[in-house]
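Listed below are the residues making up each chain.
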Amino acid sequence: MRKRTKPNIQFSYNNNNNNNNKKHLIIAILLPLEPIGFKKPNFPDEVQTFAHQAPVKNTLALICQGQAYPVPIFRVEDSTKHVLIVYKPIEPMGAKAPSFSNYIASLTIYRRYGESFAFFCEAQGYPVPLLRWYKFIDGTTRKQAVILNDRVKQVSGTLIIKDAVVEDSGKYLCVVNNSVGGESVETVLTVTAPLSAKIDPPTQTVDFGRPAVFTCQYSGNPIKTISWLKDGKAIDHNDPVLRIESVKKEDKGMYQCFVRNDQESAEASAELKLGGRFDPPVIRQTFPEETMEPGPSVFLRCVAGGNPTPEISWELDGKKIANNERYQVGQYVTVNGDVVSFLNITSVHANDGGLYKCIAKSKVGVAEHSAKLNVYGLPYIRQMEKKAIVAGETLYVTCPVAGYPIDSIVWERDNRALPINRKQKVFPNGTLIIENVERNSDQATYTCVAKNAEGYSARGSLEVQVMVPPQIVPFDFGSDIINMNDMVSATCTVNKGDMPLELYWTTAPEPKWGVGRLMTNDGILITKTTQRISMLSIESVHARHRANYTCAARNAAGVAYHTAELRVNGERIEIFLTMW
C-alpha cells in the first residue's frame, strides 16, 4: 500500500512594478512520491570479486554501483575479496631480435584506385627496433626508401597511402632492425583501376606491300593478357603493338584488341583498308579438257591478270612441273599487264595424261584453273612420294593415273579393297580420304590400282607415315609443404611422340614462343637423363625460385607443354578485395 506523506506548502510574492504596485501570491504545493515497495541492495553485473591493476603513482577510481530502496549505505571494508594491486613496470630481461607475431614472407593485396588504406608492420624486439619502408624499383631487385608526402605517410610502423593511384602498385618492403638483428616482410600492392582500351589509329589505309602498325593503348590495372582478333577470329599475337610488315589483300579487315584481368575486360576496334587499286589475280583465258592420241606436241595456255602482276606456275596431279627435255614452261607480260603462261609438252606420251593446273598467285590473292589431258594408252600410275601426316588429322590423296580410257580406280591395303572401315572413303576419280588417322591402324602402304575395260591394269604404292606429336606425363613438385632450403625436383617424361625430340624448361609466361629457356644456373640444375626424360632440381629452395616451371617437348609433328607451380612455405598469399 502506498504511504501517504504530508504535503509541503510554500508561499511567495511576485512584485509587479508596472501594475499599480500590486502583489501576487504564488502557492506551490509539493507532493513527494516514494517508490512502491522495497528492494534489496544488488549490483547490476552481479560481480562478487573483481581486481584492478595500476602503475605506481597513477590515480585510480573504484566504482561501487549498488541499487536498492531505501537508499543503501555504502562503506569500504577490509575484505580479502577486494584486492588492489599496485605494480611497477618491468623492463625486458636481456635483448631480443625483431620478429613478427604473424610472419608471412610475402603478402599480395589489391586495393581500388582512389582508395585509402594502411600497411601494418608490427614487430617486437628489445631494444625497441627501428622501422623503415622501402619500395622496389619496377623490374629490378633494387629498392629505395618510400617517398613520404601529404598523400603517403608513415606513422610508427604503419604506412598510410591516401587516394591510391596505379603508380603506387609495386613491391614494398618493411625492414626492422635493432642492435641484436633485423627482419623484413614483403607486401605486393596492386592498385586496381577499371580497364579501357583504344587502337591507334582507329582507321588506316595502307598501300599494298607497305607496313601497317596498330597500337593498342590501354589503361587500368592489373593487365593480365592482351590478345588480338581479325574479323572475329583470334590471331597469334599478344603484344600491344601489332605490326604487318607487308600488307596483302587478306590483311584488309577489322582488328580488335582485348585487354583482360581476372575481373573484367575491355575491347577496341580498328579497320585496315587497302590503298590504291589492287586487284586479286583472275584467270582470263584457260585451256580445255582434251583427249588425244600419243605423238603430237601439246600446247597449254593460261592468261591471268591482276594488280600487282601475278606469277603463274603449273602442276600435274598436284606436283609442280619443272622444265626438262620434254616439258617447257614460259611466260610473258602483255602491254595491258596480263601474264601469258604456257606449257609445251613435246611428243606427248600416254603417261603424260593427268590433271593439269595453272596457278596465278600474287600477294593479293590466288586464282587457278585445272583440266584433264587424256592421252590414249594403257593405264599408268606415276610414282607417289611418301606422305607424312600428323595423328588426328585427315588424309587426302588422289591417285596420279594416266592412260585412257580408264574403267576403274580402286585403293587397296594388304590386298584388301578399301574402304574397310567408316574412317575410309574412296571416290571414282581415285581420291582416298582417311579421317582421324592413327599410327597403329592407319600407318601402312596403300596401293592404287587402275584398270581399263580390256583388263589391263597399273599399280602404284603410297607409303603413309603417321607422325605422333609429343605427350608429357603430368608432374608436380609434390604435395608436401616445401620450406626454405628444402631440395625439390620435377621430372618431365615424354611417353609418346616421334624422334628426334627436343626437350627444354622455361618459366616464360608464353612457352610456345620458345624464349626464356632455363639453363643450369642460380641453384637450378637441369639434367637430361634420356632422350625422353629431363629432370629439373633445386638443391636449396629460396623465395626467388617461386615460379611456374614449364617443360616443353617438340618434334616434327608438334609441341606439348606441361606446367607445375613451385610454391614455398612462407610464400606469397593473394587476397583480392572486390570494392565495387
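All values derive from a computational prediction rather than experimental measurement.

Conventions we followed
Residues numbered from 1 in each chain as written. Predicted model: local features only at pLDDT ≥ 70, side-chain atom pairs only at ≥ 80, totals over all residues. Heavy atoms only, no water. Pairing = 2+ DSSP bridges. Helix = DSSP H or I, 4+ residues; strand = E, 2+ residues; numbered from the N terminus. Disulfide = S-S within 2.5 Å. Buried < 20%, exposed > 50% of the residue type's maximum accessible area, 1.4 Å probe, protein only. Phe/Tyr/Trp six-rings, centres within 6.5 Å; stacked < 30°, edge-to-face > 60°. Lys NZ or Arg CZ within 6 Å of the ring centre and 35° of its normal. Salt bridge = Lys/Arg side-chain N within 4 Å of Asp/Glu carboxyl O. Contact = heavy atoms within 4.5 Å. Polar contact = N/O pair within 3.5 Å; in protein donor to acceptor, adjacent residues only side chain to side chain. Axes fitted to C-alpha atoms, helices over the stretch in contact; angles between N-to-C directions. pLDDT = per-residue confidence, 0-100.

S.K.: For this particular structure, what's the right way to read the pairing of strand β26 (residues 298-307)?
M.R.: Along a regular strand, successive side chains alternate from one face of the sheet to the other. Both strand β24 (residues 279-285) and β26 contribute to a ladder of four bridges, which runs antiparallel. Counted as the bridge partner of I283 is A304 from β26.

S.K.: Can you help me understand the state of the cysteines in this one?
M.R.: Here a disulfide denotes one covalent bond, and it connects the sulfur atoms of two cysteines. In the structure shown here, the tally under the stated rule is five disulfides. One disulfide in the model links C121 with C174; its S-S distance is 1.8 Å. Around the S-S axis, the bridge from C121 to C174 shows a dihedral of about -90° and counts as left-handed. A residue pair is termed long-range when its members are at least 10 positions apart, and C121 in the loop between β9 (117-120) and β10 (123-126) and C174 in strand β15 (residues 170-177) qualify at 53 residues. As far as the burial class goes, C121 and C174 line up, both buried. A disulfide bridge connects C302 with C358, and the sulfur atoms are separated by 2.0 Å. Here the residue C302 occupies a position in strand β26, and C358 occupies one in strand β31 (residues 354-362), the gap between them amounting to 56 residues. Per residue, the accessibility class of C302 equals that of C358, and both read buried.

S.K.: For this particular structure, what's the right way to read the packing of aromatic side chains?
M.R.: The description of two aromatic rings rests on the distance between their centres and on the angle between their planes. Per the stated rule, a full pass over the model turns up nine aromatic pairs. Taking the centre distance of 5.3 Å and the plane angle of 40° together, the rings of F214 and Y255 count as tilted. Here Y255 lies in strand β22 (residues 253-260) and F214 lies in strand β18 (residues 212-221), a separation of 41 residues in the sequence. Look at Y255 and you get buried, because its relative accessible area is 3%. The structure contains a cluster of three or more aromatic residues connected by ring pairs, namely F117, F119, W133 and Y172. The positively charged end of K143 is found above the aromatic ring belonging to Y134, 5.7 Å away from the centroid. Sitting over the face of the ring of F136, K171 holds its NZ or CZ atom 5.3 Å from the ring centroid.

S.K.: Any chance you could explain unusual backbone geometry here in plain terms?
M.R.: Cis peptide bonds are those with omega within 30 degrees of zero, and the linkage from D200 to P201 qualifies with -5°. Checked against the element boundaries, P201 lands in the loop between β16 (182-200) and β17 (203-207). A cis geometry characterises the amide bond from Y404 onward to P405, with omega recorded as -5°. In this model, D231 sits at a positive phi of 50°, which is unusual for a non-glycine residue. As for its placement among the helices and strands, D231 is situated in the loop between β19 (225-230) and β20 (233-235). Overall, D231 belongs to the partly exposed group, its relative accessible area being 45%.

S.K.: What is the right way to read the pattern of salt bridges from this model?
M.R.: When the charged atoms of two side chains lie near each other, side chains of opposite charge can form a pair. Taken as a whole and judged by the stated rule, the model has 20 salt bridges. With its nearest N and O atoms 3.0 Å apart, the salt bridge here joins R243 to E245. Look at E245 and you get exposed, because its relative accessible area is 54%. Residue K386 is joined to E463 by a salt bridge in which the shortest nitrogen-to-oxygen separation is 3.9 Å. Taken together, the residues span a long stretch of sequence, with K386 in the loop between β33 (377-381) and β34 (387-390) and E463 in strand β42 (residues 457-467) at a distance of 77 residues. On the accessibility criterion, E463 (41% relative accessible area) is partly exposed. A single salt-bridge network, built from bridges that share partners, covers K423, E438 and D442.

S.K.: I tried to follow the environment of Q285 on my own but got confused; where do I start?
M.R.: Tracing the sequence through the fold places Q285 in strand β24. Accessibility expressed as a relative area gives 39% for Q285, which makes it partly exposed. Along the backbone, Q285 and V340 are 55 residues apart, and their C-alpha atoms lie at a distance of 8.9 Å. When neighbours within four sequence positions are excluded, Q285 is seen to be in contact with R301, C302 and V303. Only 2.4 Å separates the side chain of Q285 from the side chain of R301, close enough to count as a polar contact.

S.K.: When you look at the sheet that holds strand β44 (residues 488-496) in this model, what are you seeing that I'm missing?
M.R.: Across a sheet, strands are paired by hydrogen bonds formed along the backbone, either parallel or antiparallel in direction. Spatially, the four strands line up as an open sheet ordered β43-β44-β47-β46, and their pairing is antiparallel. Pairing within the sheet leaves two strands with one partner each, and these edge strands are β43 (471-473) and β46 (524-530). The average angle at which neighbouring strand axes cross in this sheet is 25°, direction not considered. The sheet contact formed by β44 and strand β47 (residues 533-538) spans six bridges and is antiparallel. When the bridges of β47 are listed, S489 appears paired with S537.

S.K.: Could you clarify how one ought to interpret the sheet that holds strand β48 (residues 547-555) in this entry?
M.R.: Reading across from one edge, β45-β48-β49 is the order of the three strands in this open sheet, with antiparallel pairing throughout. Strands at the two margins of the open sheet, each flanked by one partner only, are β45 (502-506) and β49 (558-566). On average, adjacent strands in this sheet sit at an angle of 15° to one another, irrespective of strand direction. Bridge analysis of β48 against β49 gives nine bridges, and the strand direction is antiparallel. In the strand pairing of β49, N555 is matched with G558.

S.K.: Please clarify how the confidence of the model for the chain should be interpreted in this entry.
M.R.: The predicted model of the chain has a mean per-residue pLDDT of 82, with 80% of residues at 70 or higher. Contacts from residues 1-5, a stretch scored under 50 in pLDDT, to residues over four places away or in other chains number three contacts. Per-residue pLDDT stays below 50 along residues 16-34; that stretch engages in 34 contacts with residues further than four places along the chain or on separate chains.

S.K.: Sorry, what's going on with the environment of F427 here?
M.R.: Relative to the helices and strands, F427 is located in the loop between β39 (424-426) and β40 (431-434). Of the residues examined, F427 reaches a relative accessible area of 36% and is grouped as partly exposed. For the pair F427 and V410, spaced 17 residues apart in sequence, the C-alpha separation works out to 8.3 Å. Among residues more than four places away in sequence, those in contact with F427 are I409 and I433.

S.K.: Would you explain the pairing of strand β14 (residues 158-161) in this entry?
M.R.: Here β9 runs beside β14; their pairing, made up of four bridges, is antiparallel. Across the sheet, the residue bridging to A118 is I160, located in β14. Count of turn residues in the strand β13 (residues 152-155)/β14 antiparallel hairpin: two residues, of which S156 carries a positive phi of about 55°.

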